[in-house]
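Residue-level structural notes
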Amino acid sequence: QVQLVESGGGLVQPGGSLRLSCGASGSIFMIGSMGWYRQALGKQREFVATVNLGGTTDYADSVKGRFTISRDNAKKTVYLQMNSLKPEDTAVYYCNANIQQFLGSTTANYWGQGTQVTVSS
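Residues numbered from 1 in each chain as written. Predicted model: local features only at pLDDT ≥ 70, side-chain atom pairs only at ≥ 80, totals over all residues. Heavy atoms only, no water.

**A closer look at the pattern of salt bridges**
The criterion, for reference: Basic side-chain nitrogens of Lys or Arg form a salt bridge, by our definition, when they fall within 4 Å of a carboxyl oxygen of Asp or Glu. Three labels apply to residues, based on accessible area from a 1.4 Å probe with only protein chains included: buried if under 20% of the type maximum, exposed if over 50%, partly exposed otherwise in between. Per the convention used, a helix needs a DSSP run of H or I reaching at least four residues, while a strand needs a run of E reaching at least two, with both numbered from the N terminus.
Under the defined criterion, the tally for this structure stands at 4 salt bridges. A salt bridge links Arg38 to Glu46, with the nearest nitrogen and oxygen atoms 2.7 Å apart. Residue classification places Glu46 among the partly exposed residues on the basis of a relative accessible area of 37%. Arg38 is the partner of Asp89 in a salt bridge, and the nearest nitrogen-oxygen pair spans 2.9 Å. Residue Asp89 is found in the loop between β8 (77-82) and β9 (91-100), and its partner Arg38 is found in strand β4 (residues 30-39); the two are separated by 51 residues along the sequence. For Asp89, a relative accessible area of 1% corresponds to the buried category. Note on Arg38: relative accessible area 5%, which makes it buried. In this structure, a network of salt bridges that share partners links the residues Arg38, Glu46, Arg66 and Asp89.

**A closer look at the pairing of β9**
What counts here: Between any two strands, pairing holds if DSSP finds at least two bridges.
Most of β9 sits inside the fold, with 9 of its 10 residues counted as buried. With 8 bridges joining them, β4 and β9 adopt antiparallel strand pairing. Paired with Tyr37 across the two strands is Tyr94, which belongs to β9. One ladder, built from 3 bridges, connects β9 with strand β11 (residues 115-119); its direction is antiparallel. When the bridges of β11 are listed, Tyr93 appears paired with Thr115. By the bridge criterion, 5 bridges tie β9 to strand β10 (residues 107-111) in an arrangement that is antiparallel. In the strand pairing of β10, Asn96 is matched with Trp111. A loop of 6 residues connects β9 with β10, the two strands running antiparallel in sequence, and Gly104 in this loop sits at a positive phi of about 90 degrees.

As structure tokens, then:
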């Protein structure tokens, strides 16, 4: 069984920073791309950022220049450093990863349970 567990959410003032972490555990042979999505109240889940196994990153236009995604392959963990936070960044942030559990098995997509980020004064 594979699990993704996020941490690091909370309440922060506009202009502040937070760092989210997401660790993968369970039977894992290889982790491909890892990423972050978010869902604000009453809205659809949207893409935030992704990083592939080689370290190539991609960002939503709304967070470019403010958020940085990174990963530690040895720790099976992906991070999201969020700076210059705005009230419109308020959402539940979800970790996502493509994981191959065993050599020769197919790759499956997994989601974490989400962590709340609230940006408010």
